Amino acid sequence: MNPRIILITGANGGLGQAIARAFFRESADNSVWLGVRGHREAAEKLASEHPGRCEVAALDVTQPTEWRDLVSRIVGQHQRLDVLVNNAGYHADSLLAQMTPEDWRGVLAANLDGTFHGCQSVLPAMVSQRHGRIVNIASLSALAAPPGQTNYAAAKAGVIALTQSLAKEVARIGITVNAICPGFIETGILHALGAEARKALLARIPMRRTGRPEEVAAAVCFLACPDAGYITGSTLKVDGGVL
Amino acid sequence: MESKEELRRRVKLMIVENLMLQVTVDEIRDQQPLFGPGGLGLDSVDALQLVVALEKEFGLKLADQGIARQVLQSVETMADAIQNCSPATPK
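Residues numbered from 1 in each chain as written. Chains lettered and ligands numbered in written order. Predicted model: local features only at pLDDT ≥ 70, side-chain atom pairs only at ≥ 80, totals over all residues. Heavy atoms only, no water.

**Comments concerning the overall build of chain A**
At step 1: The number of helices and strands found in chain A is 9 helices and 7 strands.
At step 2: In terms of its C-alpha atoms, chain A occupies a principal-axis envelope of roughly 50 × 35 × 35 Å.
At step 3: Put simply, chain A has 243 residues, and 51% of those count as buried.
At step 4: Considering only contacts in chain A between residues 6 or more positions apart, those separated by 24 or more positions represent 71%.
At step 5: Accessible surface for chain A amounts to roughly 10900 Å². Of this, 56% is attributable to carbon and sulfur atoms.
At step 6: Within chain A, the 21 negative side-chain charges are centred at a point lying 5 Å from the centre of the 23 positive side-chain charges. (Helix = DSSP H or I, 4+ residues; strand = E, 2+ residues; numbered from the N terminus. Buried < 20%, exposed > 50% of the residue type's maximum accessible area, 1.4 Å probe, protein only. Contact = heavy atoms within 4.5 Å. Areas by Shrake-Rupley, 256 points an atom, 1.4 Å probe, with all protein chains shown as cover. Lys, Arg positive; Asp, Glu negative; His and termini not counted. Charge placed at Lys NZ, Arg CZ, Asp CG, Glu CD.)

**Observations concerning the nonpolar core**
At step 1: The biggest cluster of nonpolar side chains holds 32 residues, and the ones touching the most others in it are Ile19(A), Phe23(A), Leu34(A) and Ile180(A).
At step 2: Setting aside residues up to four positions removed in sequence, Ile19(A) forms contacts with Ile8(A), Val85(A), Asn87(A), Ile137(A), Ala217(A) and Val220(A).
At step 3: Counting 28 residues, the second largest nonpolar core, distinct from the first, contains Met126(A), Ile175(A), Val177(A) and Val52(B). (Core = buried A, V, L, I, M, F, W, Y, C linked by side-chain atoms within 4.5 Å.)

**Remarks on the sheet that holds strand E2 (residues 31-36) of chain A**
Residues and elements named next belong to chain A.
At step 1: One open sheet holds the 7 strands; their spatial order is E3-E2-E1-E4-E5-E6-E7, and the pairing between them is parallel. Edge positions in the open sheet fall to strand E3 (54-58) and strand E7 (235-238), since each of these has one partner strand only. Direction aside, the axes of adjacent strands within the sheet are offset by 20° on average.
At step 2: Pairing geometry for strand E4 (residues 83-86) and strand E5 (residues 132-137), over 4 bridges, is parallel. (Pairing = 2+ DSSP bridges. Axes fitted to C-alpha atoms, helices over the stretch in contact; angles between N-to-C directions.)

**So, the interface of chain A and chain B**
At step 1: Facing 7 residues of chain A, the contacting portion of chain B comprises 9 residues.
At step 2: Buried surface at the junction of chain A and chain B, summed over both partners, amounts to about 770 Å²; 55% is from carbon and sulfur atoms.
At step 3: Seen at the junction of chain A and chain B, the total is 2 salt bridges.
At step 4: The tally of links from chain A across to chain B stands at 5 residue pairs in polar contact (both at pLDDT 80 or more).
At step 5: It is helix H4 (residues 101-129) of chain A that provides the largest number of residues to the side of chain A that touches chain B, a total of 3 residues.
At step 6: Looking at the side of chain A that touches chain B residue by residue, the classes come out as 3 nonpolar, 1 polar and 3 charged. (Buried area = accessible area lost by both parts, 1.4 Å probe. Salt bridge = Lys/Arg side-chain N within 4 Å of Asp/Glu carboxyl O. Polar contact = N/O pair within 3.5 Å; in protein donor to acceptor, adjacent residues only side chain to side chain. Nonpolar A, V, L, I, M, F, W, Y, C, P; charged D, E, K, R; others polar.)

**Considerations on the packing of H4(A) against helix H6 (residues 150-170) of chain A**
All names here are of chain A.
At step 1: Closest axis-to-axis distance for the H4/H6 pair is 8 Å, and the angle between their directions is 15°. With respect to their mutual orientation, H4 and H6 come out roughly parallel. The interaxial crossing formed by H4 with H6 has right-handed handedness. Across from Asp103, Trp104, Val107, Leu108, Asn111, Leu112, Thr115, Phe116, Cys119 and Leu123 in H4, the residues of H6 making contact are Thr150, Asn151, Tyr152, Ala154, Ala155, Lys156, Gly158, Val159, Leu162, Leu166 and Val170. (Parallel < 35°, antiparallel > 145°, perpendicular 65-115°, else oblique. Left-handed = near helix turned anticlockwise from the far one by under 90°.)

**Considering the pattern of salt bridges**
Opposite charge on two side chains lets them pair, provided their charged atoms get close.
Residue and element names in this part refer to chain A.
At step 1: Scanning the entire structure with this criterion turns up 24 salt bridges over all chains.
At step 2: Arg37 serves as the salt-bridge partner of Asp60, at 3.7 Å between the closest nitrogen and oxygen. One end of the pair, Asp60, is in the loop between E3 and helix H3 (64-78); the other, Arg37, is in the loop between E2 and helix H2 (41-49), with 23 residues separating them in the sequence.
At step 3: In this structure Asp60 comes out as buried when scored by relative accessible area, which is 14%.
At step 4: Arg37 sits in the exposed class, given a relative accessible area of 61%.
At step 5: A salt bridge links Glu186 to Arg198; the nearest nitrogen and oxygen atoms lie 2.8 Å apart.

**Quick word on the side chain of Ser121(A)**
All names here are of chain A.
At step 1: Structurally, the position occupied by Ser121 is in helix H4.
At step 2: In this structure Ser121 comes out as buried when scored by relative accessible area, which is 14%.
At step 3: A polar contact of 2.7 Å, which involves the side chain of Ser121, links it to the backbone oxygen of His117.
At step 4: Ignoring any residue separated from it by four or fewer positions in sequence, one finds Ser121 in contact with Trp67, Arg68 and Val71.

**Some remarks on the pairing of strand E1 (residues 5-9) of chain A**
Residue and element names in this part refer to chain A.
At step 1: With 5 of 5 residues buried, E1 lies mostly within the body of the structure.
At step 2: Neither face of E1 is exposed, since Ile5, Leu7 and Thr9 on one face and Ile6 and Ile8 on the opposite face are all buried.
At step 3: Where E1 and E2 come together, 5 bridges link them in parallel fashion. Pairing of Ile8 across the sheet is with Leu34, part of E2.
At step 4: Following the backbone out of E1, through helix H1 (residues 14-26) and into the adjacent parallel E2, one traces a crossover that is right-handed. (Right-handed = clockwise from strand over helix to strand, strands pointing away.)

**Considering the environment of Gln149(A)**
Residues and elements named next belong to chain A.
At step 1: Looking at where Gln149 falls in the secondary structure, it is placed in the loop between helix H5 (140-143) and H6.
At step 2: Accessibility expressed as a relative area gives 10% for Gln149, which makes it buried.
At step 3: Along the sequence, Gln149 and Val107 sit 42 residues apart, while their C-alpha atoms lie 9.9 Å from each other.
At step 4: The contacts of Gln149, once residues within four sequence positions are left out, are His91, Asp93, Ser94, Ser141 and Ala154.

These figures come from the coordinates and say nothing about function on their own.
As structure tokens, this is what we get:
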């Protein structure tokens, strides 16, 4: 496989880290850029483990100017950008009746606006190359919205719709755009669950286990690989059979 | 120095190659509309590709949609815009 230039957002979290590691494993020649906001210790540590192949960059995905600057830096350095993984996002759950406008807007901004800005920023480079892979991390909440996540579910449903629409726009230019809906994955959020809550959670999963970040990362790598060139506008669930 | 005619031909070549059109350079007229009836039949995705190609191949940056709409009317308007942005090119 030819060496590729990959940009992953939200790279300080467990899923972002796993996705980066998967791309490192895919090819020793891949260069991975980690976009992070705020705390960057985990991303810096990962970069230090892959000297010369990994860079950490400050990126608030809600800020289009930060996107433009970062993509310009990457393209300036490598003359190309092959893969964008829009992974940054967070949730702030509460019933709609109690949800603050700030939590509504913040979750929409990070999850949906961030994906929009990311896609828009990389398009000139990918159009110019006539090649590109965009993988957007959505959520099962987009497909079966639970109570308490009106903001997050709406944002992630928006990500899926954006993915489908953009995929059609750029299909003939050689750019694919796909979404992944992770189910219950072993990241920080699940680690905080008590024993009873975990038991109830597992009962909802046909595989009777939670997913590993590496299992989501494998799906990201697949959708981003050259062999997946005829897959676009798709939404792939990685959920142990929940839906 | 490149003549206006040579520049128009380069613009046509850029259009055909970037959009992988099934027409030859000689079949495109200078004032032929790129979009709409009677034109080349391009669409908004083609326009996106042309905006990127103009910057890459001619250094012409189209700052907003309004300017892009004016410039992307025909080969003639594109060539004019390229000449106007490049002092080294004769008018």
